[in-house]
Amino acid sequence: AQKVTQAQTEISVVEKEDVTLDCVYETRDTTYYLFWYKQPPSGELVFLIRRNSFDEQNEISGRYSWNFQKSTSSFNFTITASQVVDSAVYFCALSRNTGTASKLTFGTGTRLQVTL
Amino acid sequence: KAGVTQTPRYLIKTRGQQVTLSCSPISGHRSVSWYQQTPGQGLQFLFEYFSETQRNKGNFPGRFSGRQFSNSRSEMNVSTLELGDSALYLCASSLEDPSWNTIYFGEGSWLTVV
């Protein structure tokens, strides 16, 4: 069975601080996909990144960066110089490389509060 | 390019009633999935439709059903509503094969059962 753990329930930072959101996953598959989504109060899940299990390159997109380490089954997300607009709930998710690829297994989410 | 559109955004129903939620995927997307989000259970997969056929199903009772039309639009139905069905229902779409394509979500339908 697949499982995603986001141990940090809530994080509060002051604007301009860097913050890392942790994600640990469990799967027996050798090929799988990892995602991060942002959920603002409106409810929509906003896609941030998709990573294939065979691609361990870290990625940077503006203030966002992701550190994927298969050895520790982790896919952590860092926001550099956080802003108030980053306040949201962030979800890490995992899917399989099979006919059930549409079935995302989500973590419980991390609520990020960025204050001035 | 329009995103995933869900209607209605908010609704209140009474126990025992039924409800139908609608989802229009991103143009060109043929896979539509539904998820339920509650404070207690988090985000859970309901089912996925592709080319008008249910391709995957989560662990929900038969009161939860769905369908997909030839234009890829999808509806989900919940019959005999229970208080525990109160949730945010999210629809997601992707190109043909979610194995190779990103899954995009709509804003969801907030259902309250009283």
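Every value quoted in this text rests on a predicted model; they were computed, and no experiment measured them.

Turning our attention to the interface of chain B and chain A. Across the boundary between the two partners, chain B contributes 23 residues, which contact 21 residues of chain A. A buried area of about 1800 Å², summed over both sides, lies between chain B and chain A, and 55% of it is on carbon and sulfur atoms. Linking chain B to chain A there are zero salt bridges. Linking chain B with chain A are four residue pairs in polar contact (both at pLDDT 80 or more), by the criterion used here. Among the secondary structure elements, those contributing two or more residues to the side of chain B that touches chain A are strand 4 (31–38), strand 5 (42–50), strand 6 (53–57), strand 9 (87–94) and strand 10 (104–105) of chain B. If one sorts the elements of the side of chain B that touches chain A by residue count, strand 4 of chain B sits on top with four residues. Of the residues belonging to the side of chain B that touches chain A, the class tally is 11 nonpolar, eight polar and four charged.

Turning our eyes to something else, we now look at the layout of surface pockets. The computed volume of the largest pocket comes to approximately 620 Å³. Lining the largest pocket we find 28 residues, and of these A:Gln39, A:Val89, A:Phe91, A:Arg111 and B:Gln37 sit closest to its centre. Taken together, the elements giving at least two residues each to the lining of the largest pocket come down to strand 10 (88–96) and strand 12 (110–115) of chain A together with strand 4, strand 5 and strand 9 of chain B. Among the elements that take part in the lining of the largest pocket, strand 12 of chain A stands out by supplying four residues, more than any other. Of the residues in the lining of the largest pocket, the class split is 12 nonpolar, 15 polar and one charged. Computed from the structure, the second largest pocket encloses a volume of approximately 360 Å³. The wall of the second largest pocket is formed by 17 residues, among which A:Gln2, A:Lys103, A:Leu104, A:Thr105 and B:Asn59 lie closest to the centre. Looking at the lining of the second largest pocket element by element, the count peaks at three residues for strand 5 of chain B.

So, how was this worked out
- Each chain has its residues counted from 1, following the order in which its sequence is written.
- Written order decides the labels, with chains lettered from A and ligands numbered from 1.
- It should be noted that, the model being predicted, local features are given only for residues of pLDDT at least 70 and side-chain atom pairs only at 80 or more, the latter also being counted only at that level, while totals for whole chains, interfaces and linings use all residues.
- Side-chain measures were taken over the full set of non-hydrogen atoms in the model, leaving aside hydrogen atoms and water.
- It only takes one pair of heavy atoms within 4.5 Å for two residues to be counted as in contact.
- Note: buried area is the sum, over both parts, of the accessible area (probe 1.4 Å) each one loses when the two are combined.
- For this analysis, a salt bridge means a side-chain nitrogen from Lys or Arg found within 4 Å of a carboxyl oxygen belonging to Asp or Glu.
- Here a polar contact is recorded for every N or O atom pair within 3.5 Å, except that within protein the pair must consist of a potential hydrogen donor and a potential acceptor, and residues adjacent in sequence are included only if both atoms are side-chain atoms.
- Only DSSP runs of H or I with at least four residues qualify as helices, and only runs of E with at least two residues qualify as strands; both kinds are numbered from the N terminus onward.
- Amino acid classes used here: Ala, Val, Leu, Ile, Met, Phe, Trp, Tyr, Cys and Pro are nonpolar; Asp, Glu, Lys and Arg are charged; the rest, including Gly, are polar.
- Definitions used throughout: a 1 Å grid over protein atoms alone; a cavity as a set of points that fits a 1.4 Å probe which cannot get out; a pocket as an open set with protein on both sides within 12 Å along at least five of seven lines; a lining residue as one with an atom within 4 Å of a point.
- Grid points are joined across faces, edges and corners, and a volume is the space filled by probe spheres set on the points.

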